[in-house]
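Here is what each chain is made of, one letter per residue.
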Amino acid sequence: MRFDKAWLALVIMATPAWAQDSKEQARQLAGEPVAGAQTLRLVDIPKATGKPIALFDGRSLTGWTPWLGYADPAITYRASTGDTPIGVGRDTSGDFAVRQVDGAPAIWVKGETWGSLVHRADLRDYHLRLQFKWGDKTWAPRKDQPRNNGLLYHSHGVPGEVFGTWRPSAEFEIMRGSTGMIVAVGGKIRGHTDVGFDPSLIAPHLRYRFGGRQIDIVNGTPTWNVEAAIDAERPIGQWNTLDLYVVGDRAVHVVNGVPVAEVRDLATIAANGSRQPLTHGHVQLQSEGAETWFRAITVEPIKTLPRIVVAK
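Quick caveat, the model's predicted, so the values are computed rather than measured. Numbering of residues starts from 1 in every chain and runs along the sequence as written. Owing to the predicted nature of the model, reporting of local features is limited to residues with pLDDT of at least 70; listing and counting of side-chain atom pairs is limited to 80 or more, with chain, interface and lining totals taken over all residues. For the side-chain quantities, the full set of heavy atoms in the structure was used; hydrogens and water were omitted.

Caption draft 1: A look at the confidence of the model for the protein chain. In this model, the protein chain carries a mean pLDDT of 93, and residues with pLDDT of at least 70 account for 94%. pLDDT under 50 marks residues 3-18. Its contacts with residues more than four places away, or in other chains, come to 22 contacts. Across the chain, each position has a pLDDT score giving the predictor's confidence in that residue, from 0 to 100. Here, residues are in contact when the closest pair of their heavy atoms is within 4.5 Å.

As structure tokens, then:
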């Protein structure tokens, strides 16, 4: 999930002072821009403490519950109380299905109507691995924008609680050029990570950087997302492997074997304003404007996280 890039681009062109302000905010948060991307690698990869469990049985969507947002996805971020999401109010077999692709079964996500598939398992302390690739179709309002989707984890709350479409969660972004980005899905989600200022990015101009400055990820603020350290995604049409390592309130995002982000101190904000550790929850496969295929979705229990180091 990411706010509309085209809308942001229009704002930047129309109000250069705003763009300058956003870069100045990023500079204040992360310091002066750093030269060159880091080459990161993963070490101390944990061994599973139990057998892997398949979240996709290769035959059906057993274990997965669909939810759809608004009939017109263009209103998602500006819907009023009078707008009602579809939810489970129609047959979703034309939105999510099991189909054959490249000679094997996969979960097909059409992407035209925004929403998600939510798995019933309440997961904690795990290594999740899946493969995804993009389909051919993209849909308004993101038709001419980078293909977009997401793997949401530590999901909780009620269906449609966030923008009528998703449950509160942390996000392992799946988007062309940004796969592995960290996003806070919902206004009460928090997480610390380390960043550098990258003025080549659209706002908020923050990229994951090992050893960078710590920020708190907060939706609706100048720290609402943090870009992946590097674009490790393969060309459209090829399968990508995502590894998500989660222990307690910490997570590591890995794309095709390359670590691209790390988040810690994941939390929710309680009614009294206190920060409550977020250590478990469901996973969601998003539908957000691009046809997407998912397969080989497994989880296995772990007790420790791998470490990210800068390659020499």
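Caption draft 2: Local environment of the pairing of strand β20 (residues 290-301). Burial analysis of β20 places 9 of its 12 residues in the buried class, the great majority of the element. In terms of strand pairing, strand β2 (residues 53-54) meets β20 through 2 bridges, oriented antiparallel. Residue Ala-54 lies in a different strand from β20, and its bridge partner there is Thr-298. The pairing criterion is simple: DSSP has to find at least two bridges between the two strands. A run of DSSP states H or I qualifies as a helix once it reaches four residues; a run of E qualifies as a strand once it reaches two. Both are numbered from the N-terminal end. By the bridge criterion, 3 bridges tie strand β5 (residues 104-109) to β20 in an arrangement that is antiparallel. Across the sheet, residue Trp-108 finds its bridge partner in β20, namely Trp-293. Across 9 bridges, strand β7 (residues 126-138) lies against β20 in antiparallel orientation. Looking across to β20, one finds that Thr-138 is bridged to Ala-290. Burial classes: relative accessible area under 20% of the type maximum marks a residue as buried, over 50% as exposed, and values in between as partly exposed (1.4 Å probe, protein chains only).

Caption draft 3: A look at the side chain of His-253. Summarising the element assignment, His-253 is placed in strand β16 (residues 250-255). Residues adjacent in sequence count toward polar contacts only when both atoms are side-chain atoms; beyond that, a polar contact is any pair of N or O atoms within 3.5 Å, and within protein one must be able to donate a hydrogen and the other to accept it. Side chain to side chain, His-253 and Tyr-153 meet in a polar contact 2.8 Å long. If sequence neighbours within four positions are ignored, His-253 has contacts with Tyr-153, Glu-171, Phe-172, Gly-180, Met-181, Ile-182, Asp-243, Leu-244, Val-258, Pro-259, Val-260 and Ala-261.

Caption draft 4: Expanded view of the packing of aromatic side chains. Side-chain rings of Phe, Tyr and Trp (the six-membered ring for Trp) are treated as a pair once their centres are within 6.5 Å; stacked means planes under 30 degrees apart, edge-to-face means over 60, and tilted covers the remaining angles. Counted by the stated rule, this structure contains 4 aromatic pairs. Centroid distance Phe-132 to Trp-134: 5.4 Å. Interplanar angle 80°. Geometry classified as edge-to-face. Trp-134 matches Phe-132 in its accessibility class, with the two residues each being buried. Feature note: the residues Tyr-77, Trp-114, Phe-163 and Trp-166 constitute an aromatic cluster, connected by ring pairs. Over the face of the ring belonging to Trp-108 we find Arg-99, whose NZ or CZ atom lies 3.6 Å from the ring centre. Positioned over the ring face of Trp-239 is Arg-295, at 3.7 Å from the centre of the ring. Charge over a ring is defined by NZ of Lys or CZ of Arg lying within 6 Å of the ring centre and within 35 degrees of the ring normal.

Caption draft 5: Structural view of unusual backbone geometry. Note the cis peptide between Ala-140 and Pro-141, where omega equals 5°. Mapped onto the elements, Pro-141 comes out in the loop between β7 and β8 (148-155). Across the junction of Ala-203 and Pro-204, the peptide omega takes the value 15°, indicating a cis bond. Positioned with a positive phi, Phe-163 is a non-glycine residue whose angle comes to about 55°. Along the polypeptide, Phe-163 turns up in the loop between β8 and β9 (169-175). Using a relative accessible area of 25% as the deciding quantity, one classes Phe-163 as partly exposed. If you check the backbone angles, Asn-256 has positive phi at about 50° while not being a glycine. Its place among the elements puts Asn-256 in the loop between β16 and β17 (258-269).

Caption draft 6: Looking closely at the environment of Val-246. Tracing the sequence through the fold places Val-246 in strand β15 (residues 240-247). In this structure, the C-alpha to C-alpha distance between Val-246 and Pro-301, residues 55 residues apart in sequence, is 9.4 Å.

Caption draft 7: Molecular detail of the pattern of salt bridges. Basic side-chain nitrogens of Lys or Arg form a salt bridge, by our definition, when they fall within 4 Å of a carboxyl oxygen of Asp or Glu. Applying the stated criterion across every chain, the model contains 14 salt bridges. Across the salt bridge formed by Glu-24 and Arg-27, the nearest N and O atoms sit 3.2 Å from each other. In this pair, Glu-24 and Arg-27 both sit in helix α2 (residues 16-30), 3 residues apart, roughly one turn of the helix. For Arg-176, the salt bridge identified is with Glu-233, shortest N-O distance 2.9 Å. Within this pair, whereas Arg-176 is found in the loop between β9 and β10 (182-185), its partner Glu-233 is found in the loop between β14 (225-226) and β15, the two being separated by 57 residues in sequence. Taking the relative accessible area as the measure of exposure, Glu-233 reaches 11% and is therefore buried. Several salt bridges converge on common partners, so that one network encompasses Asp-194, Arg-250, Glu-262 and Arg-264.

Caption draft 8: Main features of the environment of Thr-179. Within the secondary structure, Thr-179 is located in the loop between β9 and β10. For Thr-179, a relative accessible area of 2% corresponds to the buried category. Here the alpha-carbon distance between Thr-179 and Asp-21, two residues 158 residues apart in the chain, equals 26 Å. In this structure Thr-179 touches Phe-132, Phe-172, Glu-173, Ile-174, Ala-228, Glu-233, Leu-242, Val-255 and Val-260, once residues within four positions along its chain are discounted. Among the polar contacts made by the side chain of Thr-179, one reaches the side chain of Glu-233 at a distance of 2.8 Å.

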